[in-house]
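Remarks on the overall topology
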Amino acid sequence: MTEMYVTLVLAGRRTCNAENNHTPQVPKTYLQAVLERLTDLGCDADGHPI
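The following paragraphs examine the structure supplied in this document. In this text the structure is predicted, and so the values were computed from the model without any measurement. (Residues numbered from 1 in each chain as written. Predicted model: local features only at pLDDT ≥ 70, side-chain atom pairs only at ≥ 80, totals over all residues. Heavy atoms only, no water.)

A word on the side chain of asparagine 20
Relative to the elements of secondary structure, asparagine 20 occurs in the loop between α1 (2-10) and α2 (28-40). With relative accessibility at 18%, the residue asparagine 20 sits in the buried group. Within polar-contact distance, the side chain of asparagine 20 engages the side chain of aspartate 46 at 3.2 Å. Once residues lying within four places of it in the same chain are set aside, the contact partners of asparagine 20 are Thr15, Gln25 and Asp46. (Helix = DSSP H or I, 4+ residues; strand = E, 2+ residues; numbered from the N terminus. Buried < 20%, exposed > 50% of the residue type's maximum accessible area, 1.4 Å probe, protein only. Polar contact = N/O pair within 3.5 Å; in protein donor to acceptor, adjacent residues only side chain to side chain. Contact = heavy atoms within 4.5 Å.)

In structure tokens form, the structure reads like this:
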């Protein structure tokens, strides 16, 4: 499930950024794991490259 949410964040369909009110949030149960994976990929909480 984590990889699915990472893929959705990278595609702009979900976000881990609580301040982003335009995109649905990743469920709290997967939030930390998704954020860690995005960081490993060099992306921010919205899936944009850092």
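Now that the structure has been shown, we can carry on.
Examining α1
Of all the positions in α1, only Tyr5, Val6 and Val9 are classed as buried. Projected down its long axis, α1 shows its buried positions confined to an angular sector of 105°, all on one face. Looking at the packing, one finds that the buried side of α1 touches α2. Of the residues flanking the end of α1, it is glycine 12, one or two places downstream, whose phi is positive at about 80°. (Arc of directions from axis to C-beta.)

Looking at the packing of aromatic side chains
Geometry of an aromatic ring pair is reported as the spacing of the ring centres plus the angle between the planes. The full count for this structure, using the stated rule, is one aromatic pair. Ring geometry for tyrosine 5 and tyrosine 30: centres 5.4 Å apart, planes at 35°, overall tilted. Note that tyrosine 5 is positioned in helix α1 and tyrosine 30 in helix α2, a separation of 25 residues in sequence. The partly exposed category is assigned to tyrosine 30, whose relative accessible area is 26%. (Phe/Tyr/Trp six-rings, centres within 6.5 Å; stacked < 30°, edge-to-face > 60°.)

Quick word on the nonpolar core
Residues Tyr5, Val6, Val9, Cys16, Val26, Val34, Leu38 and Cys43 constitute the largest nonpolar core, which totals eight residues. Looking at this core, the elements with two or more residues in it are α1 and α2. (Core = buried A, V, L, I, M, F, W, Y, C linked by side-chain atoms within 4.5 Å.)

With respect to the side chain of threonine 15
Examined against the element boundaries, threonine 15 turns out to sit in the loop between α1 and α2. One polar contact links the side chain of threonine 15 to the main-chain carbonyl oxygen of alanine 45, over a distance of 3.4 Å. Aside from chain neighbours lying at most four places away, what touches threonine 15 is Val9, Asn20, Thr23, Pro24, Gln25, Val26, Ala45 and Asp46.

In short, shape yes, function no, at least from these values alone.
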